[in-house]
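Secondary and tertiary structure notes
Spelled out from the first residue to the last, the chains are:
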Amino acid sequence: MAKYAILSDIHSNFEALSVVLEKCRELDVTHFVSLGDIVGYNADPERCLKAVRDLDWVAMVRGNHDEYTASDDLAIEGFNQNARQAILWTREQLSPAERAWLVRAPYRTSVPNCNMTLVHATLDSPEQWGYIFDAHHAVDNFSYQFTQLCFCGHSHVPVAFCKKPVASMRERSVDEILQWNVLAGEDGTPEPEDFSRAEALPVEILTGYKYLFNIGSIGQPRNRDPRASFAVFDDVERIVTRYRIPYDVATAQQKVLDAGLPERLALRLATGS
């Protein structure tokens, strides 16, 4: 039996990472996989890198923030000013060896002895850092997916899709799995107290179907839910579960401000925006 914890977009948020790892211990996770972007945006790059490096990894891929933190490129094209400032600051916090470690991982990979592919962005051109937001993008990704499961991150917005084994002319071959990103409340907007509890969103893996899961972000969610998001795949029960875990947002915010990083990076943690 194996339980795989899938972690993505930690983004130097040690408070969020800590509660996720505590939950993994509670769930008796046996293996870890990383979808990249260990650093960037928040104020604990060294602590997060060291915590991640000590885990029992079976597979990892690099993210765009990992790649740009490891490089000496000053242009940092494709990033807004806040993200660029955070990358430049993060470079100063890490040693050359730590920065080099961030890019040891490939852009995409498969998990040994498991029918699973990992990528930070998209399978077709992972080094271009594209996004998967809807079924149209998912169809393109499924064309390059040769395993039953694929996990990605990058957008910080959890979304999931399944591809039917056979679809008639009247059926769509790819459907969104709506329960993967369900929000409490009839109007779709959770009350603040809803964010104070941990929640689990399970999806059963059916024979013959393919699945694409964006697991959201541990360290900087952008789906209006500030809780840290990660997933666990149980290869015996054949269930992928996304967990939403509250953490000490205020402490993470204060660290961002104390480091002199842009205020916007601290404020967005409270709103998941």
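Everything numeric in this text was worked out from a predicted model, so none of it was measured.

1. Quick word on helix 2 (residues 45–53)
For helix 2, the set of buried residues is P45, C48, L49, A51 and V52. An end-on view of helix 2 places all buried positions within 165° of arc, on one side of the element. Contact partners of the buried residues in helix 2: helix 1 (14–26), strand 3 (57–60), helix 4 (81–93) and helix 5 (96–102).

2. Examining the pairing of strand 11 (residues 228–234)
With seven of seven residues buried, strand 11 is to be regarded as a mostly interior element. Here seven bridges tie strand 11 to strand 12 (residues 239–245), and the two strands are oriented antiparallel to one another. Pairing of A228 across the sheet is with I245, part of strand 12. With antiparallel pairing between neighbouring strands as the criterion, strand 11 and strand 12 make up a hairpin whose turn holds four residues, including R238 at a positive phi of roughly 60°.

3. Describing helix 1
Taking 1.5 Å of rise per residue, the 13 residues of helix 1 would be expected to cover 18 Å, and the 18 Å separating its terminal C-alpha atoms lies within 8% of that figure. Those residues of helix 1 lying buried are F14, E15, A16, L17, V20, L21, K23 and C24. Elements in contact with the buried residues of helix 1: strand 1 (3–7), strand 2 (31–34), helix 2, strand 11, strand 12 and helix 7 (249–258). Two or three places before E15, at the opening of helix 1, N13 has a side-chain oxygen 3.4 Å from that residue's backbone nitrogen. In the segment just after helix 1, D28 is the residue with positive phi, at about 60°.

4. Overview of the pairing of strand 5 (residues 116–119)
The two faces of strand 5 match: M116 and L118 on one face and T117 and V119 on the other face are all buried. Note that strand 4 (residues 108–110) and strand 5 share three bridges and pair antiparallel. Its bridge partner lying in strand 5, R108 is registered against V119. From the end of strand 4 to the start of strand 5, which pair antiparallel, there are five residues, and N113 there has a positive phi angle of about 60°. Where strand 5 and strand 6 (residues 149–152) come together, three bridges link them in parallel fashion. From the neighbouring strand, M116 faces strand 6, where its bridge partner is L149. Assessed by its sense of winding, the connection that carries the chain from strand 5 through helix 6 (residues 135–142) to strand 6 is right-handed.

What counts, and where the lines are drawn
- Residues numbered from 1 in each chain as written.
- Predicted model: local features only at pLDDT ≥ 70, side-chain atom pairs only at ≥ 80, totals over all residues.
- Heavy atoms only, no water.
- Buried < 20%, exposed > 50% of the residue type's maximum accessible area, 1.4 Å probe, protein only.
- Helix = DSSP H or I, 4+ residues; strand = E, 2+ residues; numbered from the N terminus.
- Arc of directions from axis to C-beta.
- Contact = heavy atoms within 4.5 Å.
- Pairing = 2+ DSSP bridges.
- Expected span 1.5 Å × (residues − 1).
- Polar contact = N/O pair within 3.5 Å; in protein donor to acceptor, adjacent residues only side chain to side chain.
- Right-handed = clockwise from strand over helix to strand, strands pointing away.

Remember, this is a structural readout, not a statement about activity or role.
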